[in-house]
Amino acid sequence: MEQIDVGEPGDPDAALIEQLRSGDAAAFRRVVTEYSPVMLHVARGFVATRASAEEVVQETWVAVIRSLPGFEQRSSLRTWVVRITANIARRRGRQEARTVPWSTVVGPDTTGAVDVSRFRGPYERYPGGWLPGAEPIGWGPEDVALAGEVMVLKRALAGLPERQRLVVTLRDIDGLSSDEVSAALGITTGNVRILLHRGRSRLRNSLDADYRRVSA
Amino acid sequence: MTGPRSVACREQFELISDYLDGATDSETMARIERHLAECPGCVGYLTEMRATVALLGTITLDQLTDDTVRGLEQAFRSWRSAG
């Protein structure tokens, strides 16, 4: 997935920005379609409902339209739009008096993401290695695609602790970089990586359980 | 099988997400790769993690409602005609 770095000048955006500034409605529709998913996901980091998130995104697009003439392209267009989204969402979240507790990463989702009983104990031979029968077998994307695993994955994603779900969504579905996720959600890149690791591990576990079930 | 400088499987899996993203320092990366060279289980885990991330990349989750998009297009058009 294409990664856009924070702070990169908007050269790839130049044509798009020109079209938007000249009132090209088709270009506007394209950018709304392309950016709104990640904007909705960012908004959900700060507001309680899907409906609120949609209103945040709507408000953001109006702000973008108004601010477009003054946009200096010191970052990419998407980074700029995501930043505005986060600011509006943060403000709205405070008004709604509900925020995701980003200030601490310590919580119920801090347990190790793989069942530790799958590893050998410290006093066994080859301590810390995979136990026989629990060793990953290396199923690949073609295996999981054939087994209809997208639905399993979506269900597992919905079942993740909220902070893990948000970070995995923004990184691996929306393709934001760790720096962009960190900036949008107001957490350190270290915490982004911790949440990403835990979320990805849990998703991998769900897919693994399903793979073993269907191939048993 | 764990040598004195390699990373036991349990430790390894804590690092695998960073390794996948190229976010480990070169010394840690070398230790991980030494371990992978002798541990099919961890190679399997890395493969599965890559497949999970790849599958995530194919998912589209959310989109605005058509009504909202139409409203925004209207706002865009009136902004253009006023500008």
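Residues numbered from 1 in each chain as written. Chains lettered and ligands numbered in written order. Predicted model: local features only at pLDDT ≥ 70, side-chain atom pairs only at ≥ 80, totals over all residues. Heavy atoms only, no water.

### Describing the confidence of the model for chain A
Reading fine detail from the predicted coordinates is not recommended where pLDDT is low.
Residue and element names in this part refer to chain A.
Then comes step 1: A residue-level look at chain A finds 74% of positions with pLDDT of 70 or above and a mean pLDDT of 81.
Then comes step 2: pLDDT under 50 marks residues 1-8. Its contacts with residues more than four places away, or in other chains, come to 25 contacts.
Then comes step 3: Every residue in residues 103-111 scores below 50 in pLDDT, and together they form 16 contacts with partners more than four places removed in sequence or on other chains. (pLDDT = per-residue confidence, 0-100. Contact = heavy atoms within 4.5 Å.)

### Overview of the interface of chain B and chain A
Then comes step 1: Taken together, the contact between chain B and chain A spans 42 residues of the former and 60 residues of the latter.
Then comes step 2: For the pair chain B and chain A, the summed buried area comes to about 4600 Å², and 68% of that belongs to carbon and sulfur atoms.
Then comes step 3: Together, Glu48(B), Leu56(B) and Phe76(B) form the three largest contributors to the area buried by chain B at its contact with chain A, with a combined 14%.
Then comes step 4: Connecting chain B to chain A are five salt bridges.
Then comes step 5: The salt bridge involving Arg29(A) is made with Glu73(B); its shortest N-O contact spans 3.4 Å.
Then comes step 6: For the interface between chain B and chain A, the tally reads 11 residue pairs in polar contact (both at pLDDT 80 or more).
Then comes step 7: Elements supplying a minimum of two residues to the side of chain B that touches chain A: helix 1 (9-20), helix 3 (40-56) and helix 4 (66-82) of chain B.
Then comes step 8: Tallying contributions element by element places helix 3 of chain B first for the side of chain B that touches chain A, with 13 residues.
Then comes step 9: Classifying every residue of the side of chain B that touches chain A gives 23 nonpolar, 11 polar and eight charged. (Buried area = accessible area lost by both parts, 1.4 Å probe. Salt bridge = Lys/Arg side-chain N within 4 Å of Asp/Glu carboxyl O. Polar contact = N/O pair within 3.5 Å; in protein donor to acceptor, adjacent residues only side chain to side chain. Helix = DSSP H or I, 4+ residues; strand = E, 2+ residues; numbered from the N terminus. Nonpolar A, V, L, I, M, F, W, Y, C, P; charged D, E, K, R; others polar.)

### Comments concerning the packing of aromatic side chains
All names here are of chain A.
Then comes step 1: In this structure the tally under the stated criterion is five aromatic pairs over all chains.
Then comes step 2: Both rings, one in Phe28 and one in Trp61, keep their centres 5.9 Å apart while their planes meet at 80 degrees; by these two values the pair is edge-to-face. Remark: Trp61 occurs in helix 3 (residues 50-67) and Phe28 occurs in helix 2 (residues 25-43); sequence separation between them is 33 residues.
Then comes step 3: Among the residues examined, Phe28 registers a relative accessible area of 2% and is labelled buried. (Phe/Tyr/Trp six-rings, centres within 6.5 Å; stacked < 30°, edge-to-face > 60°. Buried < 20%, exposed > 50% of the residue type's maximum accessible area, 1.4 Å probe, protein only.)

### Description of the pattern of salt bridges
Then comes step 1: Counted by the stated rule, this structure contains 15 salt bridges over all chains.
Then comes step 2: Between Glu72(A) and Arg74(A) there is a salt bridge; the shortest N-O distance is 2.4 Å. By the burial criterion, Glu72(A) is exposed, and Arg74(A) matches it.
Then comes step 3: One network of salt bridges, with partners in common, ties together Arg171(A), Asp172(A), Arg200(A) and Asp21(B).

### What to know about the confidence of the model for chain B
Then comes step 1: Chain-level pLDDT for chain B is 85 on average; 89% of the residues reach the 70-or-more range.
Then comes step 2: Predicted complex metrics record ipTM = 0.81 and pTM = 0.75.

### Regarding the packing of helix 9 (residues 189-215) of chain A against helix 1 of chain B
Then comes step 1: Orientation of helix 9 of chain A relative to helix 1 of chain B, taken along the N-to-C sense of each, is 110 degrees, at an axis distance of 9 Å. Between helix 9 of chain A and helix 1 of chain B, the angle is such that the two are roughly perpendicular. Residue-level contacts link Arg193(A), Leu196(A), His197(A), Arg200(A) and Ser201(A) of helix 9 of chain A to Phe13(B), Glu14(B), Ser17(B), Asp18(B) and Leu20(B) of helix 1 of chain B.
Then comes step 2: Tallied by class, the residues present in the contact of helix 9 of chain A with helix 1 of chain B amount to three nonpolar, three polar and four charged. (Axes fitted to C-alpha atoms, helices over the stretch in contact; angles between N-to-C directions. Parallel < 35°, antiparallel > 145°, perpendicular 65-115°, else oblique.)

### Structural notes on the nonpolar core
Then comes step 1: Counting 62 residues, the largest nonpolar core has Phe28(A), Trp61(A) and Leu77(A) as its most contacted members.
Then comes step 2: Among the elements that line this core, the one with the most residues is helix 2 of chain A, at 10 residues.
Then comes step 3: Contacts of Phe28(A), omitting those with residues within four sequence positions, involve Leu20(A), Trp61(A), Ile65(A), Leu72(B), Glu73(B) and Phe76(B).
Then comes step 4: Listed in part, the 14 residues of the second largest apolar core include Trp130(A), Leu36(B), Tyr45(B) and Met49(B). (Core = buried A, V, L, I, M, F, W, Y, C linked by side-chain atoms within 4.5 Å.)

### Quick look at the packing of helix 1 of chain B against helix 2 (residues 26-36) of chain B
All names here are of chain B.
Then comes step 1: For the pair helix 1 and helix 2, interaxial distance at closest approach is 11 Å and the crossing angle is 125 degrees. Put simply, helix 1 runs oblique to helix 2. The crossing of helix 1 and helix 2 is left-handed. Residues Cys9, Glu11, Gln12, Leu15 and Tyr19 of helix 1 pack against Thr28, Met29, Arg31, Ile32, Glu33, His35 and Leu36 of helix 2.
Then comes step 2: Its residues assigned to classes, the contact of helix 1 with helix 2 comprises six nonpolar, three polar and three charged. (Left-handed = near helix turned anticlockwise from the far one by under 90°.)

### Considerations on helix 1 (residues 14-21) of chain A
Residues and elements named next belong to chain A.
Then comes step 1: Listed as buried for helix 1 are Leu16, Ile17 and Leu20. Here the buried residues of helix 1 occupy an arc of 95 degrees about the axis, which is enough to place them on one side.
Then comes step 2: Among the residues trailing helix 1, Gly23 stands out with phi positive, at a value near 85 degrees. (Arc of directions from axis to C-beta.)

### As for the side chain of Asp18(B)
Then comes step 1: With respect to the helices, strands and loops of the structure, Asp18(B) is situated in helix 1.
Then comes step 2: With residues up to four places along the chain from it excluded, the contact list for Asp18(B) reads Arg193(A), Ala23(B) and Thr24(B).

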